[in-house]
Amino acid sequence: MKHIWKTYNLAVAVIGALIIGACASMGRPEGGPRDTEPPVPLNSTPPAGQLNFNGRRLVVNFNENIQLDDAFNKVVVSPAMSQPPAVSANGRRLTVEFRDTLRDSTTYTVDFADAVKDLNEGNILDGFALDFSTGPTIDTLRISGMVLGADNLEPAQGLLVGVRSNLADSAVSTLPLDRIARTNQLGQFTIRNLPAGQYRVFAIDDVNRDYKWDRSEAMAFYDVVVEPSVQTFELTDTLRSSQGTDSTALRQGLRYLPNDVLLSLYKEEYTPQYLKDYGRPERRKASIIFGAPADSLPQITITNGDFAGRDFNDFTIIQANGNLDSLTYWIRDPQLVEADTLRLAVTYIKPDSTGQLSQFTDSLRFDFRAPRQKKKKNEEQELDSLGNPIRTSFLDISALGGSQQELHRGLLLDFTEPLATVDSSAIRLEVQSDTLWLPVPDMKLLADSINPVLRKNIDYKWEPGAKYRLTIDSASIYNIYGDPNRPFKHEFTAKNEEDYSGITFNIEGLNPDTALVVELVGSSDQVQYRAQARGNKVVFHHLAPGTYYARLIIDSDGNGRWTSGDVALRRQPEETYYFPKKLTLKKNWDIEQAWNPYALPLDLQKPLAIKKNKPKLKAGEMKPVEEDEEEADSPFGAYDPNTGQLLPQRR
């Protein structure tokens, strides 16, 4: 009986388990709402605000498993340590091991910035920091603000920001910062646990991690000496009872000032000069590239062959860019052209070890090895009817711009080598009238302003919609090597006025005498058009239809471009502003748009579509609204791209 009862019980248990399993497999339970909250610190050792701390380790426990993102760069200890701490995460525990000796009677801050996030969803705990003191008191004052790129208003992410109590101008480059913090994804920072006193505030792209500024690093400085303080104010909290009724309660809050320090990040217009590259890509030319713009051309002396001791410039034509840092030397002398090896002594100006500008000479070797050409058996050079060798080398010509010619620009001709002679009478520009080609009498052939060595500009006032033909007879142009051109013909049509767009900005909030530069940029934030202005109106004509964004520069020095800052001169970089919406331009429409550069805070001006340093989205967070949907909350009136008229501002 016992055996039968046991068997029965076992059968019931098995059947029950199968039934339960079957019931469980009928549906998948819901996982609940997605976790969108960052991890919460529960406690730490030592606790926040600990006095007389003498340990070597900081441990923080969280409510969930965590991970670290680039802790080596994001986590900073203030004041800075010569040996950075070892930061690690294991499960719900965060550990900081101090590898440097802590100073006596000093307040320390461990600022984690946005390095801590939960393991599963990656929710970021932003602005997390802990403090302790190795003495009997702890400093509590703070300075907060934001760092933006001076020329592009990009949030400066992960940048070192700090203060110095030494107010001397040179201190930022000779002494490490007293206390430091790093900017978050929005470029925001808070320098914590400051003692009372006066400070100068700096931001540094501290590439070499010495907590000082080098001239090769980007930086920002605050014009005003800062004296941090704290204010108390009343906060009103709303309390809800279990019966559903609300009541209010007052409590004291603390406001740390200043909390609105705005720093404009720039890089000085200074780069240590050095020889970056050189070579001989073709037999007829040598190239030299420097690492920074130069004020003058280098002195070059030939050191080998029959021309040893002679100036290389006497045998070449120099093709240089505007900064004189990219140089091409077209070799004219046949003997130097045929030489496989050129040895040159290149003398140029660069800073020595003390930073003083001095002359340096580099001995360079320029080699050219021609590719081996296989000669066919019994191959002889082809001769013309007079028994002369038929020429195989020619000067090539191409027309830039294609078949559609811009109305407000000349026709650019590009040549493969520098020119020696030009027979202008053999260059003809004609315009089509019905079926006839009529000569254009007042055409001008000019050297191109940007590349005068290899380009010519056909300067003419084009008739909108007219068809033109440019003809160049053979052997009418010779290069410096005696090679003639082949016959050249280029037919093209001038654009119509209706093919273009225009935009007028009515600038508000500025003195009419303020010198301005307004740039229209594309989707990559690169300049497409630029206009200088003085006053309240900036006009762009003959714009290609498309999508643009606008940037305004207060041109303080009147040089027509953005100018960087100089901390030694206490000169801030020139102010930059963005029009906060895209501009869609269509054919044959002109737009007139009001623009007050001060209507929005700087960090809200640059459109999201062209902003590169965007903060990462939190779990479940929607992508920020861009472009047209911004108009509902914008203080700027929208416009109708079909009519070019301003629309009523939405309220």
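Everything below is about the structure printed above this text.
Computed from a predicted model, the values in this text were never measured in an experiment. (Residues numbered from 1 in each chain as written. Predicted model: local features only at pLDDT ≥ 70, side-chain atom pairs only at ≥ 80, totals over all residues. Heavy atoms only, no water.)

Right, let's get into the overall build of the protein chain. Along the backbone of the protein chain there are 4 helices and 45 strands. With 651 residues in all, the protein chain has 40% of them scored as buried. Taking all contacts inside the protein chain whose residues are at least 6 apart in sequence as the whole, residues at least 24 apart take part in 65%. Working note: accessible area of the protein chain is about 36300 Å², and carbon and sulfur atoms make up 49% of it. (Helix = DSSP H or I, 4+ residues; strand = E, 2+ residues; numbered from the N terminus. Buried < 20%, exposed > 50% of the residue type's maximum accessible area, 1.4 Å probe, protein only. Contact = heavy atoms within 4.5 Å. Areas by Shrake-Rupley, 256 points an atom, 1.4 Å probe, with all protein chains shown as cover.)

Right, let's get into the environment of Ile-472. Along the chain, Ile-472 falls in strand 35 (residues 467–472). Classification of Ile-472 as buried rests on a relative accessible area of 1%. Between the C-alpha atom of Ile-472 and that of Asn-485, which follows or precedes it by 13 residues, the distance is 8.6 Å.

For the peptide bond that leads from Thr-45 to Pro-46, omega is 0 degrees, which places it in the cis range. With respect to the secondary-structure elements, Pro-46 resides in the loop between strand 1 (41–45) and strand 2 (57–62). With an omega dihedral of 0 degrees, the bond running from Ser-78 to Pro-79 counts as a cis peptide bond. Mapping Pro-79 onto the fold places it in the loop between strand 4 (76–78) and strand 5 (86–90). The backbone phi angle of Asp-70 is positive, close to 50 degrees, even though this residue is not glycine. Along the polypeptide, Asp-70 turns up in the loop between strand 3 (66–68) and helix 2 (71–74).

Attention shifts here to the pattern of salt bridges. Applying the stated rule across the entire model yields 25 salt bridges. For Lys-285, the salt bridge goes to Glu-282, with nearest N and O atoms at 3.6 Å. Between Arg-365 and Asp-367 there is a salt bridge, with the nearest N and O atoms lying 2.9 Å from each other. For Arg-365, a relative accessible area of 39% corresponds to the partly exposed category. Relative accessible area serves as the criterion here: at 32%, Asp-367 is assigned to the partly exposed category. Within this structure, Glu-154, Glu-519, Asp-525, Arg-530, Arg-551 and Lys-606 form a network of salt bridges that share partners. (Salt bridge = Lys/Arg side-chain N within 4 Å of Asp/Glu carboxyl O.)

This paragraph deals with the packing of aromatic side chains. Scanning the entire structure with this criterion turns up 20 aromatic pairs. When the ring of Phe-221 is compared with that of Tyr-266, the centres are 6.4 Å apart and the planes differ by 80 degrees; the resulting orientation is edge-to-face. Of this pair, Phe-221 sits in strand 16 (residues 219–221) while Tyr-266 sits in the loop between strand 19 (261–265) and strand 20 (275–282), and the two are 45 residues apart along the sequence. For the pair formed by Phe-221 and Tyr-266, the shared burial category is buried. For the pair Tyr-460 and Trp-462, a centre-to-centre distance of 5.3 Å together with 70 degrees between the ring planes defines the contact as edge-to-face. This pair shows no difference in class: Tyr-460 is buried, exactly as Trp-462 is. Through pairs of rings, three or more aromatic residues link up here, namely Phe-53, Phe-98, Tyr-108 and Phe-132. Lying over the aromatic face of Phe-233, Arg-255 brings its terminal NZ or CZ to 4.2 Å of the ring centre. The aromatic ring of Tyr-481 is capped on one face by Arg-284, whose charged end is 4.0 Å from the ring centroid. (Phe/Tyr/Trp six-rings, centres within 6.5 Å; stacked < 30°, edge-to-face > 60°. Lys NZ or Arg CZ within 6 Å of the ring centre and 35° of its normal.)

Right, let's get into the nonpolar core. In terms of nonpolar packing, the biggest core is built from 25 residues, with Ile-288 and Phe-312 touching the most fellow members. Within the residue set of this core, elements represented by two or more residues are strand 21 (285–290), strand 22 (299–302), strand 24 (326–331), helix 4 (334–338), strand 25 (341–351) and strand 26 (357–367). Setting aside residues no more than four positions away along its own chain, Phe-312 makes contact with Ile-300, Thr-301, Ile-302, Tyr-329, Ile-331, Leu-342 and Leu-344. Counting 24 residues, the second largest nonpolar core, distinct from the first, contains Leu-411, Phe-415, Leu-419 and Leu-470. (Core = buried A, V, L, I, M, F, W, Y, C linked by side-chain atoms within 4.5 Å.)

Our next topic: the side chain of Asp-114. The residue Asp-114 is located in the loop between strand 7 (107–113) and strand 8 (116–118) in this model. Filtering out sequence-adjacent residues up to four positions away, Asp-114 remains in contact with Lys-74, Ile-124, Leu-125, Asp-126, Asn-184 and Gln-185.

The 3 strands are arranged 41-38-45 in an open sheet whose pairing can be described as mixed. Two strands bound the open sheet, and with one partner strand each, they are strand 41 (537–543) and strand 45 (590–595). Adjacent strand axes in the sheet meet at a mean angle of 15 degrees, parallel and antiparallel pairs treated alike. Pairing analysis gives 6 bridges linking strand 38 (residues 501–507) to strand 45, with the strands arranged parallel. Bridge pairing links Gly-502 to Asp-590 in strand 45. (Pairing = 2+ DSSP bridges. Axes fitted to C-alpha atoms, helices over the stretch in contact; angles between N-to-C directions.)

The strands that make up a sheet are held in pairs by hydrogen bonds between backbone atoms, and each pair lies either parallel or antiparallel. Read from one edge of the open sheet, 3 strands run 22-25-26, paired in antiparallel fashion. In this open sheet, the two strands that pair with only one neighbour each are strand 22 and strand 26. Each adjacent strand pair in this sheet contributes to an overall mean axis angle of 25 degrees, direction not counted. Pairing of strand 22 with strand 25 involves 4 bridges; the strand directions are antiparallel. Note on strand 25: the bridge partner recorded for Thr-301 is Ala-345.

Time to look at the pairing of strand 19. Across the two faces of strand 19 the burial differs, with Val-261, Leu-263 and Leu-265 buried and Leu-262 and Ser-264 not buried at all. Direction of pairing for strand 11 (residues 141–149) relative to strand 19: parallel, over a ladder of 5 bridges. Counterpart to Gly-149 in the pairing with strand 19 is Leu-265.

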